[in-house]
Amino acid sequence: AHDFFLAAHAVAAPAGIRTLTAMSLAYAAAVCPTEAFDDLARRAIDQFAQTEPSNSLAVAMRVLGEHLLRHGRLDEAHAILARAEAVEGDFPLQWSMAAARLAECELARLERGDADVDPAALRRLLTRVDGVAADLPDIRARVSLVFAALDRRDGAPASALARIGDAVAALSVIRASGDDPVLTSLGARPFEPVYRQGAALAAELGDAEAALSFAEHRRAQWLTRGLNA
């Protein structure tokens, strides 16, 4: 995939096709070896700045923004995800995908201590996303987990546990859906720490039934992966 994206860039860049140039760099950065990420991400960010916004470009920005977030580059991730979220306003489902990742970035900035992050505004954004993403279990899981983190910050562990339960329920939909178990497992894999978080919080609250439920859901996910293998 990395080679194909760079091949697309080699065609688009000399031809001056800016949108495809930016997209190919962003997608290459998303799948490249770790040591190549910084250079590809920088080039993609530079290209974004020179390219007119569009729906397809916003998707590439969303992908790169999520990977910048994973690499701890919160300021760059926030700038890109905020722009993607603004561009996607006319495409509700695409908007919810960008907005959910922007919410994750805002949570990371809040935990870093950034004074310009408003928790109440973040909750309002999450509520808007939740209203749009009823058919997107991946987004519902992301929203529930950000809500859970905010609840824990606000000293409401029981509410946080319920939110994590909502996330796990959404993940079970991913696990049980579709005809391709490999893609299903890959779609749920980034969320595997959620099961341990839920079990730990349930134990903290003395909720044995919830702890058992999280353990069973995690076992089901591992069985899915084993069957795939």
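As shown above, the structure is provided for reference.
Reading the values: rules and limits
Residues numbered from 1 in each chain as written. Predicted model: local features only at pLDDT ≥ 70, side-chain atom pairs only at ≥ 80, totals over all residues. Heavy atoms only, no water. Axes fitted to C-alpha atoms, helices over the stretch in contact; angles between N-to-C directions. Helix = DSSP H or I, 4+ residues; strand = E, 2+ residues; numbered from the N terminus. Parallel < 35°, antiparallel > 145°, perpendicular 65-115°, else oblique. Left-handed = near helix turned anticlockwise from the far one by under 90°. Contact = heavy atoms within 4.5 Å. Expected span 1.5 Å × (residues − 1). Buried < 20%, exposed > 50% of the residue type's maximum accessible area, 1.4 Å probe, protein only. Core = buried A, V, L, I, M, F, W, Y, C linked by side-chain atoms within 4.5 Å. Phe/Tyr/Trp six-rings, centres within 6.5 Å; stacked < 30°, edge-to-face > 60°. Lys NZ or Arg CZ within 6 Å of the ring centre and 35° of its normal. Salt bridge = Lys/Arg side-chain N within 4 Å of Asp/Glu carboxyl O.

Draft legend 1. Molecular detail of the packing of helix α2 (residues 18-31) against helix α4 (residues 55-70). For the pair α2 and α4, interaxial distance at closest approach is 9 Å and the crossing angle is 25°. As the angle between them shows, α2 and α4 are arranged roughly parallel. At the point where α2 passes α4, the crossing takes the left-handed sense. Here α2 contributes Thr-19, Ala-22, Met-23, Ala-26, Tyr-27, Ala-29 and Ala-30 to the contact with α4, which in turn contributes Ser-56, Leu-57, Val-59, Ala-60, Val-63, Leu-64 and His-67.

Draft legend 2. Spotlight on helix α6 (residues 92-112). Under the 1.5 Å per step criterion, the end-to-end length of α6 is 30 Å for 21 residues, consistent within 8% with the ideal 30 Å. Counted residue by residue, α6 has 15 buried out of 21 residues, so it is predominantly covered. Immediately downstream of α6, the backbone of Gly-113 shows phi near 100°, a positive value.

Draft legend 3. Seen up close, the nonpolar core. Residues Phe-48, Leu-64, Leu-126, Val-129 and Ile-139 are the most contacted members of the largest nonpolar core, which totals 50 residues. Every element with two or more residues in this core is listed here: α2, α3 (34-49), α4, α5 (74-87), α6, α7 (119-132) and α8 (137-153). In terms of residues, this core owes the most to one element, α6, which gives 10 residues. Excluding anything up to four places from it in sequence, Ile-139 contacts Ser-96, Met-97, Ala-100, Arg-101, Val-129 and Ala-133. By size, the runner-up hydrophobic cluster in this structure holds 19 residues, among which are Ala-160, Ala-167, Phe-191 and Ala-202.

Draft legend 4. Geometry of the packing of aromatic side chains. Summed over all chains, the structure comprises one aromatic pair. For the pair Phe-5 and Tyr-27, a centre-to-centre distance of 5.5 Å together with 40° between the ring planes defines the contact as tilted. Note that Phe-5 is positioned in helix α1 (residues 2-15) and Tyr-27 in helix α2, a separation of 22 residues in sequence. The class of Phe-5 is partly exposed, set by a relative accessible area of 26%. For Tyr-27, a relative accessible area of 18% corresponds to the buried category. In this arrangement the basic side chain of Arg-163 is found over the ring face of Phe-147, its NZ or CZ atom lying 3.8 Å from the centre.

Draft legend 5. Local environment of the pattern of salt bridges. Enumeration over the complete set of coordinates arrives at 20 salt bridges. When the shortest N-O distance is used, the salt bridge between Arg-142 and Glu-104 registers 3.0 Å. A residue pair is termed long-range when its members are at least 10 positions apart, and Arg-142 in helix α8 and Glu-104 in helix α6 qualify at 38 residues. For the pair Arg-142 and Glu-104, a shared accessibility class is recorded, and that class is buried. The residue Asp-151 makes a salt bridge to Arg-163 at a minimum N-O spacing of 3.8 Å. Here the residue Asp-151 occupies a position in helix α8, and Arg-163 occupies one in helix α9 (residues 157-176), the gap between them amounting to 12 residues. We classify Asp-151 as buried; its relative accessible area is 6%.

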